[in-house]
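Structural characterization, general
Listed below are the residues making up each chain.
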Amino acid sequence: MSDRMTVRSRKTLLTAAALTAGLTLAAVTPALAGASASHATRAAAVSSAQGDPRNVTQHVADFYGAYIDAVWATDDPGAAASAKALRGFYLSAAAQKKVAAFEAKEHADGILFAQNVPVKWKVAYTGSGMGHATSRVTLTWGDGPKAQVSRIDVQSDLKTLKITDLRQAG
């Protein structure tokens, strides 16, 4: 019977030790996180997402999200090809020509209307008529109170969902 008590005592002691270690780790982890806490906050801020491939504004948001990811990934050798493929899929032929003309003239990205890449983006529906919908894309350049913002009005065909025009918003 004393062997049985010894096994129970050991199990109880191990359980208590594991519980204590877990509680200690839970208490200490936030203090140790320090600077990396901001990265965890960004990751946790978008813990779920959803979409609808039939929604024209969602289509624009999907394009800008994927496009910004591709041009952001400068260390990925396939990123440029991905950005080009995204343009081919989401933009009408006429919009692709307009973007190319802007890029040749301005030496800047004709999707973002800039030479660098924003850190945040947001898309909102602003109206529709005559078979087209307009979305306002808001790009945020940097973090903090001094972050700059630019806006682009994106016109899409309601039938094909293709982006037919992009203009810098005033």
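Residues numbered from 1 in each chain as written. Predicted model: local features only at pLDDT ≥ 70, side-chain atom pairs only at ≥ 80, totals over all residues. Heavy atoms only, no water.

The subject of this paragraph is the pattern of salt bridges. According to the stated counting rule, one finds seven salt bridges in the structure shown. With its nearest N and O atoms 3.7 Å apart, the salt bridge here joins Asp109 to Arg87. Of this pair, Asp109 sits in the loop between α5 (93-106) and β1 (120-129) while Arg87 sits in helix α4 (residues 79-90), and the two are 22 residues apart along the sequence. The pair Asp109 / Arg87 is uniform in exposure class, with both members buried. Linking Arg167 and Asp165 is a salt bridge whose minimum nitrogen-to-oxygen distance equals 2.8 Å. (Salt bridge = Lys/Arg side-chain N within 4 Å of Asp/Glu carboxyl O. Helix = DSSP H or I, 4+ residues; strand = E, 2+ residues; numbered from the N terminus. Buried < 20%, exposed > 50% of the residue type's maximum accessible area, 1.4 Å probe, protein only.)

Now for the pairing of strand β3 (residues 148-157). Judged from the ten bridges that link them, strand β2 (residues 132-141) and β3 form a sheet pairing that is antiparallel. Of the residues in β3, the one forming a bridge with Thr140 is Val149. Taken together, β2 and the strand that follows it, β3, pair antiparallel across an intervening segment of six residues, in which Gly142 is found at a positive phi of about 110 degrees. The pairing of β3 with strand β4 (residues 163-168) spans five bridges and is classified as antiparallel. Residue pairing for β4: Ser156 is matched across the bridge by Ile163. Where β3 folds back on β4, the antiparallel hairpin that results is connected by five residues, among which Leu161 adopts a positive phi of roughly 70 degrees. (Pairing = 2+ DSSP bridges.)

As paired elements, β1 and β2 share nine bridges and run antiparallel to each other. Across the sheet, residue Gly129 finds its bridge partner in β2, namely His132. A loop of two residues connects β1 with β2, the two strands running antiparallel in sequence, and Met130 in this loop sits at a positive phi of about 55 degrees.

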